[in-house]
Amino acid sequence: MQAEQSVEEGVAPTEVGRARERAEDAALLRGAGRFGDDLATTAGTLQAAVLRSPHAHARLRSVKVSGALEMEGVHAVLTGEDVREWAAPFAVGVRQPMKHWCLAVDKVRYVGEPVAVVVARDRYVAEDALDAIEADYDLLDPVIDPEAAAQVEAPVLHEDVGVNVVNDRHFSYGEPDKAFAEAAHRIALKVRYPRSSCTPIECYVVIADYDVAAGTYDVTANFQGPFALHSVMARALKVGASGLRLRTPPDSGGSFGIKQGVFAYVVLMALAARKAGAPVKWVEDRLEHLQASSSATNRVTEIEAAVSAEGRISALRYDQLDDCGAYLRAPEPATFYRMHGTLTGAYDIQHLEARNRVVLTNKTPTGLNRGFGGPQVYYALERLMQRIAVELDLDPLEVIRRNLVPADAFPYRAPAGSLLDSGDYQSAIAKGVADGGLEELKQRRDAARREGRLYGIGYCAVVEPSISNMGYITTAMTPAEREKAGPKNGAVATATVGVDPLGGVTVHVSSTPQGQGHRTVAAQVVADVLGLDFEAITVNVELDTQKDPWSNASGNYSSRFAGAVAGTVHEAASRIRQRVAAIAAHQFEVDADRIRFAGGQVTVADDDRHSASFRRMAGTAHWAPALLPGNEAGGLRETAFWSPPQLEAPDAGDHINSSLCYGFVFDYCGVEIDAVTGRVRLDRYVTLHDAGRILNPALLDGQVRGGFAQGLGAALMEKFEYGADGSFQAGTLADYLIPTTMEVPEPVILHMETPSPFTPLGAKGAGEGNNMSTPVCIANAVADALGEREIELPLTPSRVRAMIGIDEPAAPEGLEPIKPAAGSGSALQASDSVEMPGDPQTVFNAILDPKTLAKIIPGCHDLQAVGDNAYQADVTVGVGMIRARYKADVNLSELDPPHALKLGGVGRSAMGTAEGSARVRLTAIEGNRTRLDYDYEAAVGGKFAAVGARMLQGAARVIIGQIFSRLAAELGGGSGAGAWWRRIVDMILSLFGRSKK
């Protein structure tokens, strides 16, 4: 279907192309949105909480739930035994015998993996009951680094597979060996792209029910698609597709890719509802989301280019290693193969070689993240372009220009198979340079450098794929494996337009938006086609797999709405228009091609004698079917399905056109780096987009700003941190930093339009481009400012300071820096002192007294002696939003009365482990008092480690400090506030010129 610029020849659209404000916003700004947690639930709906593994790698020896089931309000506990009986492992995208269940059945492979689900009358009871579950683990060595995991001696996650590299494919297109042999230069680079999250404001929500009579499941979830995963869910539940009714709410609070990962919890909560015999609701909290939902795939890439003396690239060679976490969870390895056909980017490079390896590590399974695949590919490719310019002493922008696909080459077939549909990259760059003010930015750079300031300019040029080919993931298989499995391809979009008896027009799209404005654009398209006011169109974006038209490509991902879904809306509306035109032509006794639609009226061209309202004319199909022409059946409802022929299955040579459309993004930016703090400041960021025909400029700019903000976060702030034991250490927004409006400058946004010949409206997707381009553009600018080759994201101030070569300053007098985590979990260390009444012997004896010890340990419910100076304790500890009850072994050792001793303990709970010790020294001081000095070391794992070093360090200081301040109180010395607190108070008072008397 060719691009249509207007609904009829000679008539310009009045809505499409207009920057109309979103129809969705009226409800959202009033707080009247209907998100997953807002939906009404049936009477008797129970609440669920998930027990998660505190260990990264362990055999699950047993899960005892009797204690939880004895608690009032607890209805059921789902365990691995139930899952084995009622479910099947999820299907995976490669031919390997790995088993990924929705709940751990014999082994846990990442911190946060679900181990059990408690179903109770409310969430409070369910959360409390998690503490009563006893899970017994046999710890195994974890492997966190992907390169270490790929080694043959690494601990193996899946014994049935035998290795951690679960997919290893080699590809060759053209004659890369010859090109490299003949090249004047071979320029190579190794880069690492880190893990990051999407952090939507709304986390996962699932409401599930089980029909025991029919043996079917009914689930509502804020799932975004692709709906090919519906089959994965149904198979895991051991039902046919009709046995899983999946519904989506009217509104979804963002996704950016990550809400495809809710599918695993759709299965989990469906089984929980079956176990409980009642509907079950689960709302994910922020810690669960960061720790265990999903993330972008971290990648290690070695890339090499064969380059002429003039900077012209003849061949590329990739060696890519994707860390997909503990399981290859569908749709992975999508991150590899969504971009496979486009590994040469925007460049006319004829020869290509690639090796793609998928490795598993003891981390959260990965999934879709805005632009998935693009950030990883372009970080390597565009960093390499910058290095080519540096090593050949060329202008970086000129190197880009010399290698671009020529404007007269479109549609352009890339060596790995992508068919770049349209573009004029040279004109786009010229426009970006002129309208974005590049020359002025260069002048600012030169002036800054003359003053000795660190200033750099970075560039990048990328193609932005949209409308994914549903067969691209099968490129992970060999041609023989694909032939056996059968071909997969296409990208079916669907839309329905109907007219009711009163002439009201409704539209349904199976696109499950998360804030993009799909209702607005769909209404604009239909209003133009039918000649109606925008306000006359009602759009429904909820999806019900039992009632609504959908396909395995349905959903909102890969920027498919503008090109595929909006175009299919146009097709369905055009069919309605044709039918109403035929009815009008029959009544007016004229040819149908003379019928016109405008202003809510149906008229005849060049004839003012005939006119009727659209409502009345369309109503004829409902109220007066006897007046209809002979070929009109009555009723006005059209459902259109559309799939482009250009999306073919991968061929025997592994060529794959992985997407239908390819927009173009050209970015450049100027950054200044503070030579003291290492802070990277964006001076100006220019981004030009060619997304084909623009349907709504305001919404397009919104998508660009959103992608830019997310890309900025990836460049400067965001990274998932893991301890050596696999503990997750970025579970709060204090340690996992994301940009706010205060950190995101306004980019200069520019556009040009080269319509796609492959989509109904000529539009392409544009929601992901800046998350692909912005990280590497900023990295290139920092490389230019510092003259550095190795640039690792995120470019935090401390990392940039290290690149500059500046050591961290010493801590202010009286304060100690937070020491970095080391070893197992989050390691914490500090020292302090407390003054208390009595001589050292009195204090020493008090510490050895079990009654005193029970009183001074914070959260101690019970303390029982089990030996000389050895005790078992029942202790509750809370840090931030996390609270856990530990069974602890407490011991006193290295006794040197009355001068010194060591207080140690090891605790175990469903939330993880904790261990620590404090070396205590007692010194007599004036006034029959004792100064108690202590040095403590503590290490926590599991859920507590996820709150991050900042909160843990502060909490550890407070908890340890409480032990000795309580001891002082027991001895009659008041609160015994620690010296660190007194120092802080004194420092604050000194700022105001006062001192503590």
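Since the model is a prediction, treat every value here as computed from it, not as a measurement.

Thoughts on unusual backbone geometry
Alright, step 1. With an omega of 5°, the peptide bond running from Ala330 to Pro331 counts as cis.
Alright, step 2. For the peptide bond that leads from Phe410 to Pro411, omega is -10°, which places it in the cis range.
Alright, step 3. Along the chain, Pro411 falls in the loop between helix H12 (396–403) and strand E16 (412–413).
Alright, step 4. Positioned with a positive phi, Lys238 is a non-glycine residue whose angle comes to about 60°.
Alright, step 5. Secondary-structure assignment places Lys238 in the loop between helix H7 (228–236) and strand E11 (244–247).
Alright, step 6. The phi dihedral of Phe256 is positive, around 65°, even though this residue is not glycine.
Alright, step 7. Assignment of secondary structure puts Phe256 in the loop between E11 and helix H8 (263–276).

A look at the sheet that holds strand E24 (residues 607–613)
Alright, step 1. Taking strand neighbours across the sheet as the criterion, the three strands line up as E22-E23-E24 in an open arrangement whose pairing is antiparallel. Strands at the two margins of the open sheet, each flanked by one partner only, are strand E22 (595–598) and E24. Strand after strand, the sheet turns through a mean of 30° between neighbouring axes, direction not considered.
Alright, step 2. Direction of pairing for strand E23 (residues 601–604) relative to E24: antiparallel, over a ladder of four bridges. Looking at E24, one finds that Val604 is bridged to Asp607.
Alright, step 3. Relative to the sheet, helix H17 (residues 561–588) contacts E22, E23 and E24, its axis offset from that of E22 by approximately 120°.

Considerations on the side chain of Arg370
Alright, step 1. Relative to the elements of secondary structure, Arg370 occurs in the loop between strand E15 (351–359) and helix H11 (374–392).
Alright, step 2. Despite being buried, Arg370 has no salt bridge partner; Glu768 is the closest side chain of opposite charge, sitting 6.6 Å away.
Alright, step 3. Here the side chain of Arg370 touches Gly706 through a polar contact of 3.4 Å, landing on its backbone oxygen.
Alright, step 4. Among all residues touching Arg370, those that are not within four sequence positions of it are Cys198, Phe256, Pro375, Gln703, Gly706, Gly707, Gln710, Gly767, Glu768 and Asn771.

Here we look at helix H13 (residues 425–436)
At 3.6 residues per turn, the α-helix brings residues three or four places apart onto the same side.
Alright, step 1. Between its first and last C-alpha atoms H13 spans 16 Å; for 12 residues at 1.5 Å apiece the expected length is 16 Å, and the two agree.
Alright, step 2. Those residues of H13 that sit buried are Tyr425, Ala428, Ile429, Gly432, Val433 and Gly436. Down the axis of H13, the buried set is contained in an arc of 130°. They therefore lie on one face.
Alright, step 3. Remark: Gly437 follows H13 within two positions and exhibits a positive phi of approximately 80°.

Structural notes on the sheet that holds strand E14 (residues 313–323)
Alright, step 1. The five strands lie next to each other as E7-E15-E14-E13-E8, forming an open sheet whose pairing is mixed. Edge strands, defined here as strands with exactly one partner in the open sheet, are strand E7 (165–173) and strand E8 (185–193). Looking at each pair of strands side by side, their axes are set apart by 10° on average, direction ignored.
Alright, step 2. Bridge count for strand E13 (residues 298–307) against E14 is 10 bridges, and the pairing is antiparallel. Counterpart to Glu304 in the pairing with E14 is Arg317.

Structural notes on the packing of helix H19 (residues 697–716) against helix H20 (residues 769–786)
Alright, step 1. The interhelical angle for the contact between H19 and H20, taken along N-to-C directions, is 40°, at an axis separation of 7 Å. Between H19 and H20, the interaxial angle falls into the category oblique. When you trace H19 past H20, the crossing you get is right-handed. The residues of H20 that touch H19, namely those facing Val704, Gly707, Phe708, Gln710, Gly711, Leu712, Ala714, Ala715 and Leu716, are Asn770, Asn771, Thr774, Pro775 and Ile778.
Alright, step 2. Within the contact of H19 with H20, the residues separate by chemical class into eight nonpolar, six polar and no charged.

Focus: the pattern of salt bridges
Alright, step 1. The full count for this structure, using the stated rule, is 60 salt bridges.
Alright, step 2. Residue Asp82 pairs with Lys275 through a salt bridge whose shortest N-O separation is 2.8 Å. Within this pair, whereas Asp82 is found in helix H3 (residues 80–86), its partner Lys275 is found in helix H8, the two being separated by 193 residues in sequence.
Alright, step 3. Across the pair Glu398 and Arg402 runs a salt bridge, and its minimum N-O distance is 3.2 Å. Residue Glu398 and its partner Arg402 are located together in helix H12, separated by four residues, close to a single helical turn.
Alright, step 4. Residues joined by salt bridges that share partners form a network here, namely Glu440, Arg444, Glu451, Arg453, Glu672, Arg681, Asp683 and Arg684.

Observations concerning the confidence of the model for the protein
Alright, step 1. When the pLDDT values of the protein are averaged, the result is 91; 92% of them are 70 or greater.
Alright, step 2. Taken together, the stretch residues 1–7 has pLDDT below 50 and engages in 28 contacts with residues farther than four places along the chain or on a different chain.

Observations concerning the pairing of strand E20 (residues 505–509)
Both faces of the sheet carry side chains from a regular strand, because those side chains alternate between them.
Alright, step 1. With four of five residues buried, E20 is to be regarded as a mostly interior element.
Alright, step 2. Alignment of strand E19 (residues 493–499) against E20, held across five bridges, turns out to be antiparallel. When the bridges of E20 are listed, Thr496 appears paired with His508.
Alright, step 3. Between the end of E19 and the start of E20, which pair antiparallel, lie five residues, with Gly503 showing a positive phi angle near 85°.
Alright, step 4. Inspection of the sheet shows E20 paired to strand E21 (residues 537–540) by four bridges, in the parallel sense. Following the sheet pairing, Thr506 is matched in E21 by Thr538.
Alright, step 5. The β-α-β motif built from E20, the intervening helix H16 (residues 518–530) and the parallel element E21 has right-handed crossover chirality.

Regarding the side chain of Asp654
Alright, step 1. The residue Asp654 is located in the loop between strand E25 (636–642) and strand E26 (659–673) in this model.
Alright, step 2. Assessed through its relative accessible area of 7%, Asp654 is described here as buried.
Alright, step 3. Sequence-distant contacts of Asp654, defined by excluding residues within four places in its chain, comprise Arg169, Phe171, Tyr173, His340, Ala416, Thr475, Met477, Pro479 and Arg482.

A look at the packing of aromatic side chains
Alright, step 1. Applying the stated criterion across every chain, the model contains 22 aromatic pairs.
Alright, step 2. Their ring planes at 65° and their centres at 6.1 Å tell us that Phe171 and Tyr337 sit as a pair that is edge-to-face. Taken as a pair, Phe171 in strand E7 and Tyr337 in helix H10 (residues 334–337) lie far apart in primary sequence, 166 residues in all. In terms of burial, Phe171 and Tyr337 fall into one category: buried.
Alright, step 3. Through a chain of ring-to-ring contacts, the aromatic side chains of Phe171, Tyr173, Phe336 and Tyr337 assemble into a single cluster.
Alright, step 4. For Arg317, the ring lying beneath its charged end belongs to Phe180, and the centroid distance is 4.1 Å.
Alright, step 5. Across the ring face of Tyr722, the terminal group of Lys363 is positioned such that the distance to the ring centre comes to 5.6 Å.

Scoring rules and cut-offs
- Residues numbered from 1 in each chain as written.
- Predicted model: local features only at pLDDT ≥ 70, side-chain atom pairs only at ≥ 80, totals over all residues.
- Heavy atoms only, no water.
- Helix = DSSP H or I, 4+ residues; strand = E, 2+ residues; numbered from the N terminus.
- Pairing = 2+ DSSP bridges.
- Axes fitted to C-alpha atoms, helices over the stretch in contact; angles between N-to-C directions.
- Contact = heavy atoms within 4.5 Å.
- Buried < 20%, exposed > 50% of the residue type's maximum accessible area, 1.4 Å probe, protein only.
- Lys, Arg positive; Asp, Glu negative; His and termini not counted.
- Salt bridge = Lys/Arg side-chain N within 4 Å of Asp/Glu carboxyl O.
- Polar contact = N/O pair within 3.5 Å; in protein donor to acceptor, adjacent residues only side chain to side chain.
- Expected span 1.5 Å × (residues − 1).
- Arc of directions from axis to C-beta.
- Parallel < 35°, antiparallel > 145°, perpendicular 65-115°, else oblique.
- Left-handed = near helix turned anticlockwise from the far one by under 90°.
- Nonpolar A, V, L, I, M, F, W, Y, C, P; charged D, E, K, R; others polar.
- pLDDT = per-residue confidence, 0-100.
- Right-handed = clockwise from strand over helix to strand, strands pointing away.
- Phe/Tyr/Trp six-rings, centres within 6.5 Å; stacked < 30°, edge-to-face > 60°.
- Lys NZ or Arg CZ within 6 Å of the ring centre and 35° of its normal.

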